[in-house]
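# Survey of secondary and tertiary structure
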Amino acid sequence: MIVDVLHPGRPNVSHKELGDRLAKLYKSSEECIFTFGFRTAFGGGKSTGFALIYDSLDEAKKVEPKYRLIRHGIGAKGIISSKQRKERKNRAKKFRGTKKAKAATAGKK
Amino acid sequence: MTPSKNDEEAEVFLDAVLGDHSAGSETENPELAKLIQADSPLLVKQIYSIVESMKSAKEKLMELQQRISSNSVPTSKGVSLLEIKLHGLLSYLTNLSFFILLKLHGQSTSELHPSVERLIEMRVILEKIKPMEVKLKYQIDKVLKAANDASNPSAEKNAQRNVSEFDLQNSGVSDPLQFKPNPLNLVGASTALDKNADQSREDGGVYRPPRIAPVKYSEEPKRRKGDLSASTRESLSKSRLFKDMRDTFDTSRPEQVTSHGTGYGVRELRDSKDEELAKIEEFELSNYQRLSATRDRNKREKAAMRKGGAAGIVDEMENLESDFLQMDALDRAVSFDNQERYGSSGSVLAKRNMRAESFFTGNDEPRKKGKFTDATELVTKVASGAAGKKTAYDKALRKASKPRHRTLGKK
């Protein structure tokens, strides 16, 4: 759904607070509410964005894209540092096929 | 079959049908009896026609059987596509008639009877054959044509046209089974030789295209020549040049500026920037995803900014061509109007002469009324397109001009 938030006098509202308010409104739990795409209108005081409310967390995990799950705290992030990613890639270059995965994790140790 | 005999038989049939039911049913459903009475002669006729067609089909079958048994029709070199089609159709027909028989006897066909299975099978086969047939169509047509030419003696036809053997060989007419394209056929050797071709054609040599697919016919309301269509009015009311004209001539109306750039104001007048933003917003809200600015959009914005876009300055010369094209329709309408009023030339001189004449002769007769009496009226009329009516000023105008019920002064 599309959510219009009126917040005069303060900068935009955090995802967490939005989730709390929506949970109260729609009588669901905050863990099933995913908010995204909020843009504050010119001049401040009003922001518009989208929110999705799921029936259960399992369904949400199946449907939602990874970045939103990570924002929520559920998803697994993986290696972020670019140096480590490049090292991993170079270790895996020596092998072909499924052995790549084994090599990537083995070399780390 | 004489009609009287049909009626007799219909009565017999009726008795048979109605006699099957119990004695009380005749009084129970008289409507049913009436229906049966009305339909029964038709049914009898149909049955007779079926019997006759079956007789003729039987005769043909006997003939075919004889031909096969006398080995005049070769059936030994395997099954060809056409044979499959024949057998398929035949099987389909027999199974279909059996199915109809079942239905007539009132047996339920919800369980899959083997005849129904056969029907489905044959249907699938026939449908699969169809694309193959389409591919073979050209060859089959060629073979048929060759057969036709062989049966009709074509030597007479060629002799009439005085075509030499050399030409025949080159045109490939002598070997109709050749499938390669023949460029000489493009020229149309027969029409070149036959000089009466044009007159002999029914429409006197005019090309009439073949009507293959149905095309929608949209009945437009009858337009008079000098009229402006709704679409031209729309595009005019949006054009910048016309807006300038309106500001100059329609002095009763306040000048309107877009509210682009400010966050306020209902966006009544939309320019291209507003339209773009509106489109993006619509997409975002309906698809639940935010669009980021693309590279070319950013480039365009930068270029517009560099040209003085921050202050809203637009180079007039750039869009002059499109503006004048939009005004072209208006120009035509005005010139037609002038022609109607001031004679066929419609020029300014003619108008002046007319005016002078009426002044000197003292005739105060009303001049021919044109569609637009002056520029202001022209502008207001043209601007009455959809874009011209939406603004708040127009709405207020309409409201003010609407007659209101007066409750005061009632006596």
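In this report, the structure presented in the accompanying data block is examined. (Residues numbered from 1 in each chain as written. Chains lettered and ligands numbered in written order. Predicted model: local features only at pLDDT ≥ 70, side-chain atom pairs only at ≥ 80, totals over all residues. Heavy atoms only, no water.)

### Examining the overall build of chain A
Test applied: Helix and strand labels come from DSSP, where a helix needs a run of H or I of at least four residues and a strand needs a run of E of at least two; each type is numbered from the N terminus. Relative accessibility decides the category of a residue: with a 1.4 Å probe and only protein chains considered, values under 20% of the type maximum give buried, values over 50% give exposed, and everything between is partly exposed. Only heavy atoms enter the contact rule, under which two residues are in contact if any of them lie within 4.5 Å.
Scanning chain A from terminus to terminus reveals 5 helices and 3 strands. Reading chain A from its N terminus to its C terminus gives the helix and strand order β-α-β-β-α-α-α-α. Across the 109 residues that make up chain A, the buried fraction comes to 24%. Of all intrachain contacts in chain A linking residues separated by at least 6 positions in sequence, the fraction that spans at least 24 positions is 42%.

### Topic: the overall build of chain B
Note the cut-off: Computed with the Shrake-Rupley method and a 1.4 Å probe, the accessible areas treat only the protein chains shown as cover for residues.
Each helix and strand counted, chain B has 19 helices and 0 strands in total. Considering chain B as a whole, with its 411 residues, one finds that 16% of them fall into the buried category. Taken as a whole, chain B presents about 33900 Å² of accessible surface, with 57% of it coming from carbon and sulfur.

### Examining the interface of chain B and chain A
Where interface size is quoted, it is often the accessible area lost as the parts come together. Rules: Buried area: the sum, over both parts, of the accessible surface (1.4 Å probe) that disappears when the two are put together. For salt bridges, the criterion is a side-chain nitrogen of Lys or Arg within 4 Å of an Asp or Glu carboxyl oxygen. Classification used: nonpolar for Ala, Val, Leu, Ile, Met, Phe, Trp, Tyr, Cys and Pro, charged for Asp, Glu, Lys and Arg, polar for all others including Gly.
Of the residues lining the interface, 6 residues belong to chain B; the matching set on chain A comes to 9 residues. Across the interface of chain B and chain A, roughly 700 Å² is buried in total on both sides, 63% from carbon and sulfur atoms. Considering only the surface of chain B that becomes buried against chain A, B:L285, B:Y288 and B:R290 emerge as the three largest contributors, covering 83% of it. Joining chain B to chain A, the criterion identifies 1 salt bridge. B:E284 serves as the salt-bridge partner of A:R39, at 3.6 Å between the closest nitrogen and oxygen. Across the side of chain B that touches chain A, the residue classes break down as 3 nonpolar, 1 polar and 2 charged.

### Description of the packing of aromatic side chains
Applicable threshold: Side-chain rings of Phe, Tyr and Trp, where Trp is taken by its six-membered ring, are said to pair if the distance between their centres is within 6.5 Å; with planes under 30 degrees apart they count as stacked, over 60 as edge-to-face, and otherwise as tilted. Charge-over-ring contacts are defined here by two conditions on Lys NZ or Arg CZ: a distance within 6 Å of the ring centre and an angle within 35 degrees of the ring normal.
Throughout the structure, instances matching the rule amount to 4 aromatic pairs over all chains. Aromatic side chains A:F50 and B:Y288 sit 5.2 Å apart centroid to centroid with 15° between the ring planes, which places their arrangement in the stacked category. Linking A:F50 in strand β3 (residues 46-53) with B:Y288 in the loop between α13 (272-287) and α14 (295-309), this pair reaches from one chain into another. An aromatic cluster of three or more residues is present, and its members are A:F36, A:F50 and B:Y288. The aromatic ring of A:F36 is capped on one face by A:R68, whose charged end is 3.7 Å from the ring centroid.

### Here we look at empty space enclosed by the protein
Here the idea is plain: a probe the size of a water molecule rolls over the atoms and shows the empty space left. Residues and elements named next belong to chain A. Short version of the rule: Grid points spaced at 1 Å and placed over the protein atoms alone form the basis of the search, with a cavity being a set where a 1.4 Å probe fits but cannot get out and a pocket an open set showing protein on both sides within 12 Å along at least five of seven lines. Lining residues have an atom within 4 Å of a point. Grid points are joined across faces, edges and corners, and a volume is the space filled by probe spheres set on the points.
Counting across every chain of the model gives 1 cavity of 30 Å³ or more. Estimated volume of the largest cavity: approximately 40 Å³. Surrounding the largest cavity, V5, N12, V13, L18, F38, T40 and S47 form its lining. Residue composition of the lining of the largest cavity, by class: 4 nonpolar, 3 polar and no charged.

### Describing the pattern of salt bridges
All names here are of chain B. This model, assessed by the stated rule, comprises 12 salt bridges over all chains. Of the charged contacts in the structure, one is a salt bridge between E133 and K85, with a shortest N-O distance of 3.0 Å. Taken together, the residues E133 in helix α5 (residues 114-151) and K85 in helix α4 (residues 81-104) connect sequence positions 48 residues apart. By relative accessible area, E133 is classed as partly exposed at 25%. Among the ionic pairs, R332 bridges to D328, the shortest N-O distance being 3.4 Å. With R332 and D328 both in helix α15 (residues 320-342) and 4 residues apart, the pair spans about one turn of that helix.

### Regarding the side chain of A:E64
Residues and elements named next belong to chain A. Short version of the rule: Contacts described as polar in this section are N or O atom pairs within 3.5 Å, which, within protein, must combine one atom able to donate a hydrogen with one able to accept it, while residues neighboring in sequence count only if both atoms come from side chains.
Position of E64 relative to the elements: it lies in the loop between α2 (57-63) and α3 (66-72). Of the polar contacts made by the side chain of E64, one reaches the side chain of Y54; its length is 2.3 Å. Residue contacts for E64: discarding those within four places in its chain leaves F34, L52, Y54 and L69.

### Side note on the sheet that holds strand β2 (residues 33-40) of chain A
Residue and element names in this part refer to chain A. Here is the rule we go by: Between any two strands, at least two bridges found by DSSP are needed for them to pair. Here, axes are lines fitted to C-alpha atoms. For helices the fit covers the stretch in contact, and angles between N-to-C directions go from 0 to 180 degrees.
Taken together, the 3 strands give an open sheet; going across it, the order is β1-β3-β2, and neighbouring strands pair in antiparallel fashion. Two strands lie at the open edges of the sheet, namely β1 (2-6) and β2, each paired on one side alone. Strand-to-strand twist of the sheet, defined as the mean angle between neighbouring strand axes without regard to direction, takes the value 30°. Taken together, the 6 bridges between β2 and β3 define a ladder with antiparallel strand orientation. The residue of β3 that forms the bridge with F36 is F50. Along the sheet, helix α1 (residues 15-26) makes contact with β1, β2 and β3, crossing β2 at roughly 120°.

### Looking at α5(B)
In an α-helix, one turn spans 3.6 residues; hence positions three or four apart end up facing the same way. All names here are of chain B. Going by this rule: For a helix, the expected span equals 1.5 Å multiplied by the number of residues minus one. The reported bend at a residue is simply the angle between two axes, fitted to the 7 residues ending at it and to the 7 residues beginning with it.
Its 38 residues place the ends of α5 only 45 Å apart at the C-alpha level, less than the 56 Å of an ideal helix rising 1.5 Å per residue. The largest bend in α5 is about 55°, located at L136. Along α5, the residues classified as buried are S115, V116, L119, M122, L126, I129 and A146. Next to the buried residues of α5 lie α4.

### With respect to helix α3 (residues 30-69) of chain B
Residue and element names in this part refer to chain B. In a regular helix each residue adds 1.5 Å, so 40 residues correspond to 58 Å; α3 covers 57 Å between its end C-alpha atoms and thus fits that length. Most pronounced at D39, the bend in α3 amounts to some 35°, and the proline P41 follows within four residues. Of the positions making up α3, those classed as buried are A33, S40 and V44.

### Notes on the nonpolar core
This is how it is decided: By nonpolar core we mean a set of buried residues, namely Ala, Val, Leu, Ile, Met, Phe, Trp, Tyr and Cys, connected to one another through side-chain atoms within 4.5 Å.
Core analysis: the largest hydrophobic core is formed by 14 residues, its most contacted members being B:L228, B:L236, B:F242, B:M327, B:L330 and B:V382. Within the residue set of this core, elements represented by two or more residues are α12 (240-249), α15 and α17 (375-382) of chain B. With 4 residues, the top contributor of residues to this core is α15(B). Contact partners of B:L228, with chain neighbours within four places excluded, come to B:R233, B:A329, B:L330, B:A333 and B:V382. If you look at the next biggest cluster of nonpolar residues, it comprises 8 residues, including A:V13, A:L22, A:A23 and A:I33.

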